[in-house]
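An overview of the molecular structure
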2 protein chains.
Amino acid sequence: MEAIKENGTALFVTTVLKNWSLQATRVNELIEGLSDEDLAKEVAPGRNTGIYLLGHLVAVHDGIRPLLGLGEKRYPEFEAMFIRSADTPNAEYPSLAVLRKYWTEVNTDLWNHFSTISPEDWLSRHTAVTPEVFANEPHRNKINIVLNRTGHLAYHHGQLVFLKKK
Amino acid sequence: MEAIKENGTALFVTTVLKNWSLQATRVNELIEGLSDEDLAKEVAPGRNTGIYLLGHLVAVHDGIRPLLGLGEKRYPEFEAMFIRSADTPNAEYPSLAVLRKYWTEVNTDLWNHFSTISPEDWLSRHTAVTPEVFANEPHRNKINIVLNRTGHLAYHHGQLVFLKKK
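Residues numbered from 1 in each chain as written. Chains lettered and ligands numbered in written order. Predicted model: local features only at pLDDT ≥ 70, side-chain atom pairs only at ≥ 80, totals over all residues. Heavy atoms only, no water.

**A word on the packing of aromatic side chains**
Put simply, the rule reads: Think of it this way: a Phe, Tyr or Trp ring, Trp meaning its six-membered ring, pairs with another when their centres are within 6.5 Å, and the plane angle makes it stacked under 30 degrees, edge-to-face over 60, tilted otherwise.
In the structure shown here, the tally under the stated rule is 22 aromatic pairs over all chains. Three or more aromatic residues joined by ring pairs make a cluster, and in this case those are A:Tyr52, A:Tyr75, A:Phe78, A:Phe82, A:Tyr93 and A:Tyr102.

Following this line, the structure appears as structure tokens:
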């Protein structure tokens, strides 16, 4: 039990990151199995297209970089297109070749950074919360960003799966 | 930093449970805002109905009880109906009044138990993994069940939201 106490925080980090990885792998496998034609469709009548959702996921995952202090966004122009704007018919979105490439890149980059963050640093504040607020709300830490974004990914996974033929 | 190390596991637990709670609250608000007529519809053409998904979520959350050693399932008959069987037109499902009640009950009960589990116990094995396997895969612990089921809930939340009118 002493070993668990000593290594507890490291084991928590491992458990959280494995859940992130599991969810990301599921979405990667789904997207790789979908054709560009599949992804051009709406996931349900009148709802977002696969293209928009893939761009949205790239934009949200790209936003994890500055939140964790890992660097600036790689694709800052995606925020206006895929977060602040809704899916728009006839919008000039990047090609699926580009979106698929960025999706792989942003996640590979995040994963490489994740492995360098210590358990103590995971429990430190993320950049969108002030030190004053963080003093009273210590759960608004970096690992919370990973937990929250894993849930966000699962949410849209549940929608993208409708692009698969039954 | 010493305080963080000492209290690190407790803070991790708090952070994970707050994410569970946030996700559960979102789904509760969605379901409360949907009429029985809304929930009787398919979330997308040819996909599960809201009734089935609500029963499925009750069944999966009920399954958390034995996995964490909190007791037997409250609604064991739900497994055959909502996990092992697909959504079936004309199936005799419990009424939405019952499903809504069970959904509240199963989550209230889980939440009451969650607060009694110590950080060390959260890192102990869940009942579906053997001690031998757990020795090599210590991330297959109780908190992992909460992480996994939070993702599962988010996945179906992304689908149930399509029952809301745009």
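**Points about the nonpolar core**
Our working rule: What makes a nonpolar core is a set of buried Ala, Val, Leu, Ile, Met, Phe, Trp, Tyr and Cys residues whose side-chain atoms join them at distances within 4.5 Å. Burial classification: accessible surface area is computed with a 1.4 Å probe over protein chains only, and a residue below 20% of its type maximum counts as buried, one above 50% as exposed, and the rest as partly exposed. Residue contacts are counted whenever heavy atoms from the two residues lie within 4.5 Å of one another.
Counting 99 residues, the largest nonpolar core has A:Trp103, A:Trp122, B:Trp103 and B:Trp122 as its most contacted members. Dropping the residues within four chain positions of it, A:Trp103 is found in contact with A:Val27, A:Asn28, A:Ile31, A:Leu54, A:Leu57, A:Val58, A:His61 and A:Leu153.

**Some thoughts on the interface of chain A and chain B**
To keep it simple, the criterion reads: By buried area we mean how much accessible surface two parts lose on assembly, using a 1.4 Å probe and totalling the loss over both. Any carboxyl oxygen of Asp or Glu within 4 Å of a side-chain nitrogen of Lys or Arg constitutes a salt bridge here. Polar contact is the term for a pair of N or O atoms within 3.5 Å; when the atoms are in protein, one must be able to donate a hydrogen and the other to accept it, and sequence-neighboring residues count only if both atoms are side-chain atoms. Comment: elements are numbered from the N terminus, with helices defined as DSSP H or I runs of at least four residues and strands as E runs of at least two. Think of it as three bins: nonpolar holds Ala, Val, Leu, Ile, Met, Phe, Trp, Tyr, Cys and Pro, charged holds Asp, Glu, Lys and Arg, and polar takes everything else, Gly as well.
At the junction of the two partners, chain A supplies 40 residues and chain B supplies 40 residues. By the criterion of area lost to chain B, the three top residues of chain A are A:Phe12, A:Arg47 and A:Phe162, representing 21% of everything that side buries. For the pair chain A and chain B, the number of links is zero salt bridges. At the junction of chain A and chain B, the tally comes to 10 residue pairs in polar contact (both at pLDDT 80 or more). For the side of chain A that touches chain B, the secondary structure elements donating two or more residues are helix H1 (2-33), helix H7 (119-122) and helix H9 (142-160) of chain A. It is H1(A) that contributes the most residues to the side of chain A that touches chain B, 13 residues altogether. Class assignment of the residues belonging to the side of chain A that touches chain B gives a composition of 20 nonpolar, 13 polar and seven charged.

**Here's the deal with the relation of the copies chain A and chain B**
Here is the rule we go by: All copies are superposed by least squares; the fitting set is the C-alpha atoms of residues with a pLDDT of at least 70 in both.
When chain A is brought onto chain B, the operation consists of a screw motion whose angular component is 180 degrees and whose axial shift is 0.0 Å, with 0.0 Å RMSD remaining. On the angle and the small slide along the axis, the relation comes out as a two-fold axis. When each C-alpha of chain A is compared by its distance to the rotation axis, A:Tyr155 comes out closest, at 2.1 Å. An overlap of 100% is found between the interface residues of chain A and their copies at the interface of chain B, pointing to a shared contact surface.

**Focus: the side chain of A:Gln23**
Residue and element names in this part refer to chain A. Mapped onto the fold, Gln23 is located in helix H1. Residue class for Gln23 comes out buried when judged on its relative accessible area of 6%. Excluding anything up to four places from it in sequence, Gln23 contacts Thr150, Leu153, Ala154 and His157.

**Considerations on the confidence of the model for chain A**
Detail in the predicted coordinates should be disregarded across regions flagged by low pLDDT. All names here are of chain A. Threshold: The predictor attaches a confidence to each residue, called pLDDT, with possible values from 0 through 100.
For chain A, mean pLDDT is 94; residues scoring 70 or higher make up 96% of the total. When the criterion is pLDDT under 50, residues 1-5 qualifies, and its contacts beyond four places in sequence or with other chains add up to five contacts. Taken together, the chains of this predicted complex give a pTM of 0.95 and an interface ipTM of 0.95.

**Quick notes on the packing of helix H3 (residues 50-62) of chain B against helix H6 (residues 96-114) of chain B**
The description of two packed helices rests on the angle between their axes and on the distance between the axes. Residue and element names in this part refer to chain B. Spelled out, the test is: Every axis in this analysis is a line fitted to C-alpha atoms, fitted for helices over the stretch in contact. Angles between the N-to-C directions lie between 0 and 180 degrees. Each angle gets one of four labels, with under 35 degrees taken as roughly parallel, over 145 as roughly antiparallel, 65 to 115 as roughly perpendicular, and the rest as oblique. Should the near helix be turned anticlockwise from the far one by less than a right angle, the crossing is left-handed, and should it be turned clockwise, the crossing is right-handed.
Remark: H3 packs on H6, axes separated minimally by 9 Å, with the N-to-C direction vectors making an angle of 30 degrees. One finds that H3 runs roughly parallel with respect to H6. With respect to the hand of their crossing, H3 and H6 are arranged in left-handed fashion. Along the contact surface, H3 presents Ile51, Leu54, Gly55, Leu57, Val58, His61 and Asp62, while H6 presents Leu96, Leu99, Arg100, Tyr102, Trp103, Val106, Asn107 and Leu110. Residues of the contact of H3 with H6, tallied by class, amount to 10 nonpolar, three polar and two charged.

**Topic: unusual backbone geometry**
Phi at A:Asn90 takes a positive value of approximately 70 degrees, unusual for a residue other than glycine. Mapped onto the secondary structure, A:Asn90 falls in the loop between helix H5 (78-82) and helix H6 (96-114).

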